[in-house]
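Remarks on the overall topology
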Amino acid sequence: MSSGPIPMDADAPAGPLEVSAKGATATAQQSASGINVTLHPLVIMNISDQCMRTRMQGSSDHVIGALLGVQQGRDIEIFNSFELPFKLLDGLGVADEAYLAVKQEQFRQVFPTFDFLGWYSTNPDGPSKVDLDIQHQMTAHSPSPLFLHLAPSSPSTSDLPVKIYETIIDTSTGKELFVEVGYRVETGEAERIAVDHVAKAATATEGGAGNAATVHLQSLRTSISLLNARINQLHTYISAVKSGALPVDHTHLRQISSLCQRLGGVEQSRQQLRQYNDVALAEYLACITKGVGGIAELVDKFNSVNQQNIRKGRGDRWGMGAPADIPGSPGYGGVARNIMGLNAVDPSLFSRFIPGSYE
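Residues numbered from 1 in each chain as written. Predicted model: local features only at pLDDT ≥ 70, side-chain atom pairs only at ≥ 80, totals over all residues. Heavy atoms only, no water.

Some thoughts on the overall build of the chain
Helices and strands together make up the secondary structure of the chain, namely 8 helices and 12 strands. Looking at the chain as a whole, 29% of its 359 residues are labelled buried. A separation threshold of at least 6 residues defines the contact pool for the chain, and within that pool the share at least 24 residues apart is 60%. With an accessible surface of roughly 23,600 Å², the chain has 58% of that area assigned to carbon and sulfur atoms. (Helix = DSSP H or I, 4+ residues; strand = E, 2+ residues; numbered from the N terminus. Buried < 20%, exposed > 50% of the residue type's maximum accessible area, 1.4 Å probe, protein only. Contact = heavy atoms within 4.5 Å. Areas by Shrake-Rupley, 256 points an atom, 1.4 Å probe, with all protein chains shown as cover.)

A closer look at helix α2 (residues 97-110)
If you check α2, its first and last C-alpha atoms are 20 Å apart, about what 14 residues at 1.5 Å a residue would give, namely 20 Å. A distance of 3.3 Å separates the backbone nitrogen of alanine 98 from a side-chain oxygen at the start of α2, and that oxygen is part of aspartate 96. (Expected span 1.5 Å × (residues − 1). Polar contact = N/O pair within 3.5 Å; in protein donor to acceptor, adjacent residues only side chain to side chain.)

Comments concerning the pairing of strand β11 (residues 176-181)
With 5 of 6 residues buried, β11 lies mostly within the body of the structure. Relative to β11, strand β10 (residues 162-169) runs antiparallel, the two sharing 6 bridges. Each bridged residue has a counterpart across the sheet, and for threonine 167 the counterpart in β11 is phenylalanine 178. The turn joining β10 and β11, which pair antiparallel and follow one another in sequence, is formed by 6 residues; a positive phi near 75° is taken by glycine 174. (Pairing = 2+ DSSP bridges.)

So, the pattern of salt bridges
One pass over the structure, following the stated rule, counts 6 salt bridges. Where lysine 301 meets glutamate 297, a salt bridge forms, and the shortest distance between an N and an O atom there is 3.5 Å. Taken together, the residues span about one helical turn, with lysine 301 and glutamate 297 both in helix α7 (residues 266-318) at a distance of 4 residues. Through salt bridges with shared partners, a single ionic network connects Asp49, Arg53 and Glu83. (Salt bridge = Lys/Arg side-chain N within 4 Å of Asp/Glu carboxyl O.)

Description of the environment of histidine 149
Mapped onto the elements of the fold, histidine 149 is located in strand β9 (residues 146-150). Take histidine 149: its relative accessible area is 8%, and that puts it in the buried class. Along the chain, histidine 149 and lysine 163 lie 14 residues apart, while their C-alpha atoms are 5.3 Å from each other. With near-sequence residues (within four places) excluded, histidine 149 lies in contact with Ser121, Thr122, Asn123, Gly126, Pro161, Val162, Lys163 and Tyr165.

Concerning the packing of aromatic side chains
Applying the stated criterion to the full structure yields 8 aromatic pairs. Between the aromatic rings of phenylalanine 79 and phenylalanine 114, the centroid separation amounts to 5.3 Å while the plane-to-plane angle is 10°, which identifies the pairing as stacked. Of this pair, phenylalanine 79 sits in strand β5 (residues 75-84) while phenylalanine 114 sits in the loop between α2 and β8 (115-121), and the two are 35 residues apart along the sequence. Each member of the pair phenylalanine 79 and phenylalanine 114 is classed as buried. One aromatic cluster is present, formed by Phe79, Phe82, Phe107, Phe111 and Phe114 through successive ring pairs. (Phe/Tyr/Trp six-rings, centres within 6.5 Å; stacked < 30°, edge-to-face > 60°.)

With respect to the confidence of the model for the chain
The share of residues in the chain with pLDDT of 70 or more is 72%, and the mean pLDDT across the chain is 75. Taken as a whole, residues 318-345 scores under 50 in pLDDT and shows 46 contacts with residues more than four places along the chain or in a different chain. Note that residues 349-359 has pLDDT below 50 and, in this model, 14 contacts with residues that lie over four places away or in other chains. (pLDDT = per-residue confidence, 0-100.)

Things to note about helix α5 (residues 212-243)
With 32 residues, α5 should reach 46 Å at 1.5 Å per residue; the first-to-last C-alpha distance of 47 Å fits that figure. All buried positions along α5 are accounted for by Tyr237, Ala240 and Val241. One or two steps after α5, the chain reaches glycine 244, where phi turns positive at roughly 90°.

Topic: a nonpolar patch on the surface
Taken together, Leu281, Leu285, Ile288 and Val292 make up a surface patch of nonpolar side chains, about 390 Å² in accessible area. Note on placement: valine 292 falls in helix α7. (Patch = residues over 30% accessible without salt bridge, like charges linked within 9 Å, V, L, I, M, F, W, Y side chains within 5 Å.)

Re the side chain of histidine 40
Considering the arrangement of structural elements, one finds histidine 40 in the loop between β3 (36-39) and α1 (41-56). The class of histidine 40 is buried, set by a relative accessible area of 2%. Among the polar contacts made by the side chain of histidine 40, one reaches the side chain of glutamate 77 at a distance of 2.8 Å.

Structure follows, in structure tokens:
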């Protein structure tokens, strides 16, 4: 795999651990298993996005999910992650097993080489008994799952607020504890581009500069806020004058009246609406006139084609090959009988009108 370290601390030291206030679930002892953990930035971005979405929705910052990647011997590489619902039952953390099974099967169809390597949490209290309960549950999917903890409210430092743990059994007390594991961050070309794009967007947001649309909307918002504040001041002044709290100043009242006329009121809005209706009515009438003209043209073309068809069919149907539109021909008389509906009448009655056809 073509990957290299991103421009940050390549290795995360396994320093002393913070012990949760809800119980001793972590130890300052470092892991002696000798595993080499590699973390990709996509996992950190997924966790941060999930945490931010739940926070904006008014929910708790505590979210969990599954870690996916590849393990070869003692080399573990975490490539991806997905969210995982969980709930508390009598103080015990329980993850949704059915959802986990479905998502694993879906990821296995797309990434057949990815295995379940562990899970992550953003518990603000750090590794606690709730996390240890979920860790026990995850052992059903992996014999030794890793636990990644991201501190959502960690102070801004140069180090990532991410720690990875594995579990050990304390020989003195017989309890299961979390022990920190060192890791390094590596990225491929696609992840490097994504991280660079996110970093530039975050820098632009923090610096107050964004795209043109954002700047324009911010300018409009500022202008409307200032206008609203000034109008509220004028309204307060007029209310005070009307109630007698302030003396009447005709100069100020004339200025306020002039300003209101420039801003426009209900009458101006009605006039604009009337003009809009007139323009719309003219457009509708033009469309209707154009449509009627098109229909009339279609009717004229249809009549013309129909007359041509009638003329072409006269000789073949009634005149036995004679021209149908020449007076005095057999075809002409036949068409006359057909058009007038007098086929059953004695043709001699029309001999004086159509000479040469009925002798």
